[in-house]
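Next come the chains, spelled out residue by residue.
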Amino acid sequence: MTRSRSDALSPVDCRPLRGVIFDMDGVLTDTIEFHYQTWQRLADEEGIPFNRHANEALRGLSRRDSLLRLLQGRVLPESKLQELLDRKNRYFRSFIETMTADSLLPGVRPFLDDLREAGIKTAVASASQNVYVVIEKLGIAPDIDIITNVYDVDRPKPAPDVFLYAAQQLGLGPEDCVVFEDAESGVEAARAAQMRVVGLGDAAQVGAADWILPGLEGIRWHHVQGTLGAIAP
Ligand code: BG6
Ligand code: MG
């Protein structure tokens, strides 16, 4: 566990955190593997080189931005782009059909219970158009106060818009919220929103977070409050 920001507030300035905003893919559930397999299938069908390493760079990007990255400068008519996006999502939806509460990443269920008990508000702010169906399949809709995605705002991550919108919907300010993210673009978005941010996974992706953890397993609200409650957003 590392902390990369150390600008501690005086106790007088400290305001307890009151809300948690989760990214979804790679934070609550491991859809990253499903995204990888569906992009790989599409790339193979189209004769475009792609691999797991290239997929890592797509974390957090919208479907269209991911496709443009995958095409590496190849220019295609809009109708072809749309067909590729639809085909990719069709493949992805067949993976979603298999999801259940067992698809939650380790530690998510107890952490959500802990947040409810502590009276902390919760939101999911995703880049995914599939956010509502995935949250339903995971069986956690009753645990989340606000579900939103980048299509509710003007600019996708790394712009702060979706996190600011989620906080506003929760009735909280940015300084009240902590974001959990697994992607570089998401950490950047949370920082731009002036929120505290926990990065989950690889420091190569989330090195700019306030606190880096391997995942949510074993994490309780008092750990988060104790670690981040006293540093400036
Ligand atoms: C993000 C994922 O959360 O959502 C990306 O990290 C994905 O890998 C993006 O491309 C868009 O998802 P969807 O479900 O709209 O295709
Ligand atoms: Mg993610």
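Residues numbered from 1 in each chain as written. Chains lettered and ligands numbered in written order. Predicted model: local features only at pLDDT ≥ 70, side-chain atom pairs only at ≥ 80, totals over all residues. Heavy atoms only, no water.

Caption draft 1: Focus on the coordination of the magnesium ion (ligand 2). Coordination of the magnesium ion (ligand 2) by the protein comes from Asp23 (OD), Asp25 (O) and Asp182 (OD), over a distance range of 2.0 to 2.1 Å. Donor residues for the magnesium ion (ligand 2) sit on one chain with the sequence pattern D-x1-D-x156-D. Note that Asp25 is positioned in the loop between β2 (19-22) and α1 (31-46) and Asp182 in the loop between β5 (177-181) and α8 (184-192), a separation of 157 residues in sequence. Residue classification places Asp25 among the buried positions, given a relative accessible area of 12%. (Donors = N, O, S within 2.8 Å, 3.2 Å for Na, K, Ca; no water. Helix = DSSP H or I, 4+ residues; strand = E, 2+ residues; numbered from the N terminus. Buried < 20%, exposed > 50% of the residue type's maximum accessible area, 1.4 Å probe, protein only.)

Caption draft 2: Region of the structure containing the layout of surface pockets. Put simply, the largest pocket is a space of about 300 Å³. Every residue lining the largest pocket is counted, 21 residues in all, and those nearest its centre are Gly26, Leu105, Leu200, Pro214 and Gly215. Classifying every residue of the lining of the largest pocket by side-chain character gives 11 nonpolar, four polar and six charged. Two domains each put at least three residues into the lining of the largest pocket: domain 1 (19-29 + 100-228) and domain 2 (32-96). In this structure, the second largest pocket is lined by His53, Glu56, Ala57, Arg59, Leu61, Arg69, Glu184, Ser185, Glu188, Asp202, Ala204 and Gln205. For the lining of the second largest pocket, the secondary-structure elements that each account for two or more residues are α2 (52-56), α8 and α9 (203-206). (1 Å grid on protein atoms, 1.4 Å probe; cavity = no way out; pocket = protein on both sides within 12 Å on 5 of 7 lines; lining within 4 Å. Points joined across faces, edges and corners; volume = space filled by probe spheres on them. Nonpolar A, V, L, I, M, F, W, Y, C, P; charged D, E, K, R; others polar. Domains from an automatic or database assignment.)

Caption draft 3: Structural view of the pattern of salt bridges. The full count for this structure, using the stated rule, is 18 salt bridges. A salt bridge links Asp143 to Arg109; the shortest N-O distance between them is 2.7 Å. With Asp143 in the loop between α6 (131-138) and β4 (146-149) and Arg109 in helix α5 (residues 108-118), this residue pair connects regions lying 34 residues apart in the sequence. For Asp143, a relative accessible area of 11% gives the class buried. With a relative accessible area of 30%, Arg109 lands in the partly exposed category. (Salt bridge = Lys/Arg side-chain N within 4 Å of Asp/Glu carboxyl O.)

Caption draft 4: Structural context of unusual backbone geometry. Residue Pro158 follows Lys157 across a cis peptide bond; omega there is 15°. By the secondary structure assignment, Pro158 is in the loop between β4 and α7 (161-170). One non-glycine residue, Gln72, adopts positive backbone phi at about 45°. By secondary structure assignment, the location of Gln72 is in the loop between α3 (63-71) and α4 (78-96). Note on Gln72: relative accessible area 54%, which makes it exposed. The residue Gln194 is not glycine, and still its phi comes out positive at about 65°. As for its placement among the helices and strands, Gln194 is situated in the loop between α8 and β6 (196-200). With relative accessibility at 52%, the residue Gln194 sits in the exposed group.

Caption draft 5: Inspection of the site of ligand 1 at higher detail. The environment of ligand 1 is made up of 14 residues, and the closest members are Asp25, Arg63, Ser128, Gln129 and Asn130. One of the backbone nitrogen or oxygen atoms of Leu61 is found 3.1 Å away from an oxygen atom of ligand 1. At 2.7 Å, a backbone N or O of Gln129 approaches an oxygen atom of ligand 1. When ligand 1 is considered free in solution it has 400 Å² of accessible area, and contact with the protein chains removes 99% of it. For ligand 1, the cavity whose grid points lie within 2 Å of the majority of its atoms is the largest cavity. Looking at the shell around ligand 1, its residues break down into four nonpolar, seven polar and three charged. Per-domain counts for the shell around ligand 1 show at least three residues from each of domain 1 (19-29 + 100-228) and domain 2 (32-96). (Near = heavy atom within 4 Å. Polar contact = N/O pair within 3.5 Å; in protein donor to acceptor, adjacent residues only side chain to side chain. Areas by Shrake-Rupley, 256 points an atom, 1.4 Å probe, with all protein chains shown as cover. Sits in = over half its atoms within 2 Å of the grid points.)

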